Amino acid sequence: MARAFLFVLDSFGIGGAADAERYGDTGSDTFGHIARACAEGRGDRVGLRKGPLFVPNMLSLGLGRAAETATGLRFESGAKVHLLASTFHGAAQEISSGKDTPSGHWEIAALPVRFDWGYFPDTVPTFPAELTEAIIREGKVPGILGNCHAPGTEIIERFGEEHIRTGKPICYTSVDSVLQIAAHETHFGLEQLYEFCKVVRRLVDPLNIGRVIARPFIGETAGSFERTHNRRDYAVPPPEPTLLDRLTARGSQVIAVGKIGDIFAHRGISEVRKAAGNMAMFDKALGAMDDAGDGDLVFANFVDFDTEFGHRRDVAGYAAALETFDRRLPEAFARLKPGDLLILTADHGNDPTWHGTDHTRERIPVIGMGPGFRGGDIGLRATFADIGETVAEHLGLARGRHGTSFHATIGGHA
């Protein structure tokens, strides 16, 4: 049996990107800076966590060595690390032009983004007047609020009460190729928000905007507003077949856990399984592992690392989330059978110690295991697409157009 499991720790970069200067991110290092902050006591929070970052299971897969590959700096965990049998470790550099979610995931799925996304300027207003007019007219709303670059929680606090009074959705963006729309789940309505986003998706297509994101929230006053887990992403479909398309075309199942389906515009997806929060998502991933058959792929995204902690620059929260995730990894290990392949990786960085609130351009870890594999060091991969091509070879697909498999390096067998 050959099955594959791809777990993406959304935003868990490991520093060292060769082109970080282009993005203003030279020196950013999500993993390294979280670990350093914890070692210095800056990751402590009463009732949440305390002390050095404790992720022994990921370290046993080679996370520390992957970080050294990415940055050239030796990672000191404070304890001797023993690598598990049949594990492999390395890092990968992104060649896509952005540092956003679709670019990272598409490249992981063996399709780098070699074009430039459209972006909105950091001005007020940020959206072109003709786009704003079309959104109001075709979306059948009395107007929009925001119309600027802003963090999601901040803009909801700022405009949420006016939104409830007026029925005007809150529209905003960031340095990513995205138009986000926040609206109240009950006062505006969840289904109305989704339908409104579909209209906006069509309107921004000529601008080559990567995603329109529905950001529902609840609460009645600025101090009580809270985003819910009913987020939905409306993404541009990939311009070429991805690993997912190649698998479903030959009859294999691709089980998408979390927002994977949205990221790929539901193309190449057999089934979507969603839940609220990383640990509920982990339960879904374990269930998908149980259900996967020969030739199938389980592709899971754990978004809380990014949305709840990276963007909010919450070091303690990010560290605690990593430790909670790490504690559950043995449950995934126990489900692996001979012929299986498990890869843990990320799609970009989001250093919680960095300036601003946006993603950071970083290399990503490529760590994992396969029962019976030789394992070892896969080095620094020139593109995230090497991950997808390795999965493709493992599952018996012909070689694709992008990326180079490291399957032979780790001694895997299809």
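Residues numbered from 1 in each chain as written. Predicted model: local features only at pLDDT ≥ 70, side-chain atom pairs only at ≥ 80, totals over all residues. Heavy atoms only, no water.

Chemist: Looking at this model, I keep getting lost on the overall build of the protein. Mind explaining?
Modeler: Within the protein, the secondary structure is distributed over 14 helices and 14 strands. Over its C-alpha trace the protein gives a radius of gyration of 21 Å, about what one expects of a compact globule, namely 22 Å for 414 residues. Projecting the C-alpha coordinates of the protein onto the three principal axes gives extents of approximately 60 × 50 × 40 Å. Across the 414 residues in the protein, those meeting the buried criterion constitute 61%. The long-range share in the protein, meaning contacts at least 24 apart out of those at least 6 apart in sequence, stands at 70%. (Helix = DSSP H or I, 4+ residues; strand = E, 2+ residues; numbered from the N terminus. Rg over C-alpha atoms; globule rule 2.2 N^0.38 Å. Buried < 20%, exposed > 50% of the residue type's maximum accessible area, 1.4 Å probe, protein only. Contact = heavy atoms within 4.5 Å.)

Chemist: Looking at this structure, how should I read the packing of aromatic side chains?
Modeler: Remark: the centre distance and the inter-plane angle together describe each pair of aromatic rings, the angle taken between the planes. With the rule as written, the count across this model stands at 17 aromatic pairs. With 4.9 Å between their ring centres and 75 degrees between their planes, Phe 115 and Trp 117 make a pair best called edge-to-face. Relative accessible area serves as the criterion here: at 28%, Phe 115 is assigned to the partly exposed category. What makes Trp 117 buried here is its relative accessible area of 4%. Considering the side-chain rings of Phe 217 and Phe 225, the 5.2 Å spacing of their centres and the 75 degrees angle between planes classify their relative orientation as edge-to-face. Each member of the aromatic cluster is reached from another via a ring pair, and the members are Phe 7, Phe 12, Phe 31, Phe 75, Phe 282, Phe 302, Phe 305, Tyr 318 and Phe 325. Here the basic side chain of Arg 232 rests over the ring of Tyr 194, its NZ or CZ set 3.8 Å away from the ring centre. (Phe/Tyr/Trp six-rings, centres within 6.5 Å; stacked < 30°, edge-to-face > 60°. Lys NZ or Arg CZ within 6 Å of the ring centre and 35° of its normal.)

Chemist: How should I be thinking about the environment of Ile 209 in this particular structure?
Modeler: As for its placement among the helices and strands, Ile 209 is situated in the loop between helix 7 (185-204) and strand 6 (211-218). Setting aside its immediate chain neighbours within four residues, Ile 209 contacts Trp 117, Gly 118, Tyr 119, Phe 120, Ser 177, Val 178, Leu 179, Arg 201, Val 204 and Val 236.

Chemist: Is there a simple way to think about the pattern of salt bridges in this case?
Modeler: When the charged atoms of two side chains lie near each other, side chains of opposite charge can form a pair. Counted under the stated rule, the structure contains 28 salt bridges. Two residues, Arg 361 and Asp 19, come together in a salt bridge whose shortest N-O distance is 2.8 Å. Placement of Arg 361 in the loop between strand 12 (340-345) and strand 13 (364-369) and of Asp 19 in the loop between strand 1 (3-9) and helix 1 (30-39) is noted, with a sequence separation of 342 residues between them. Using a relative accessible area of 2% as the deciding quantity, one classes Arg 361 as buried. With its nearest N and O atoms 2.8 Å apart, the salt bridge here joins Arg 273 to Glu 271. (Salt bridge = Lys/Arg side-chain N within 4 Å of Asp/Glu carboxyl O.)

Chemist: Looking at this structure, I do not really get unusual backbone geometry. What am I missing?
Modeler: Trans peptide bonds make up the majority, and among non-glycine residues the majority have a negative phi. The step from Val 124 to Pro 125 runs through a cis peptide bond, and the omega angle for that step is 0 degrees. Within the fold, Pro 125 resides in the loop between helix 4 (101-108) and helix 5 (129-139). Unlike most non-glycine residues, Asn 147 shows phi in positive territory, near 55 degrees. One can find Asn 147 in strand 3 (residues 145-149). A relative accessible area of 13% places Asn 147 in the buried class.

Chemist: Which parts of the structure should I look at to understand the pairing of strand 6?
Modeler: In summary, the side chains of a regular strand alternate between the two faces of the sheet. In terms of residue burial, strand 6 counts as a mostly covered element, since seven of its eight residues are buried. Taken together, the seven bridges between strand 5 (residues 178-184) and strand 6 define a ladder with parallel strand orientation. Bridge pairing in strand 6 links Leu 179 to Val 212. A crossover connection joins strand 5 to the parallel strand 6 through helix 7; in handedness this β-α-β unit is right-handed. Inspection of the sheet shows strand 6 paired to strand 8 (residues 232-235) by four bridges, in the antiparallel sense. Paired with Arg 211 across the bridge in strand 8 is Ala 235. Summarising the sheet, strand 6 and strand 7 (residues 226-227) pair through two bridges and their orientation is antiparallel. (Pairing = 2+ DSSP bridges. Right-handed = clockwise from strand over helix to strand, strands pointing away.)

Chemist: How do you make sense of the nonpolar core when you look at a structure like this?
Modeler: One broad trend across soluble globular proteins is that nonpolar side chains are buried collectively. Phe 7, Met 58, Leu 244, Leu 297, Phe 325 and Leu 344 are the most contacted members of the largest nonpolar core, which has 83 residues in total. The greatest single-element share of this core, amounting to eight residues, is contributed by helix 12 (residues 315-333). In this structure, Ile 135, Leu 190, Phe 196 and Tyr 234 belong to the second largest nonpolar core, which totals 25 residues. (Core = buried A, V, L, I, M, F, W, Y, C linked by side-chain atoms within 4.5 Å.)

Chemist: How should the pairing of strand 5 be read in this particular structure?
Modeler: Along strand 5, seven of the seven residues are buried, which leaves the element largely enclosed by surrounding structure. Taking every second residue as pointing to the same face, both faces of strand 5 are buried, with Val 178, Gln 180, Ala 182 and His 184 on one and Leu 179, Ile 181 and Ala 183 on the other. The hairpin formed by strand 4 (residues 170-173) and strand 5 contains four residues between the paired strands.

Chemist: I'm lost on the sheet that holds strand 12 in this one. Help?
Modeler: Within a sheet, neighbouring strands are paired by backbone hydrogen bonds and run either parallel or antiparallel to one another. The strand order across the open sheet built from eight strands is 10-9-11-1-12-13-2-14, with neighbouring strands paired in mixed fashion. This sheet does not close on itself; its edge strands, each paired only once, are strand 10 (271-273) and strand 14 (376-381). Between one strand and the next, the sheet's axes are offset by a mean angle of 15 degrees, whatever the strand orientation. Each of strand 1, strand 11 (297-302), strand 12, strand 13 and strand 14 touches helix 13 (residues 385-394); the most contacted strand, strand 12, lies at about 170 degrees to it. (Axes fitted to C-alpha atoms, helices over the stretch in contact; angles between N-to-C directions.)

Chemist: Could you clarify how one ought to interpret helix 6 (residues 152-166) in this entry?
Modeler: Each α-helix turn comprises 3.6 residues. Residues three or four places apart therefore point the same way. For helix 6, built from 15 residues, the straight-helix expectation of 21 Å at 1.5 Å per residue is met to within 8% by its first-to-last C-alpha distance of 19 Å. Along helix 6, the sharpest change in direction is near 55 degrees and occurs at Phe 159. Every buried residue belonging to helix 6 is among Gly 152, Ile 155, Ile 156, Phe 159, Gly 160 and His 163, and all of these are buried. Elements that come into contact with the buried residues of helix 6 comprise strand 3, strand 4, strand 5, helix 7, strand 6 and strand 7. (Expected span 1.5 Å × (residues − 1). Bend = angle between axes of the 7 residues up to and from the residue.)

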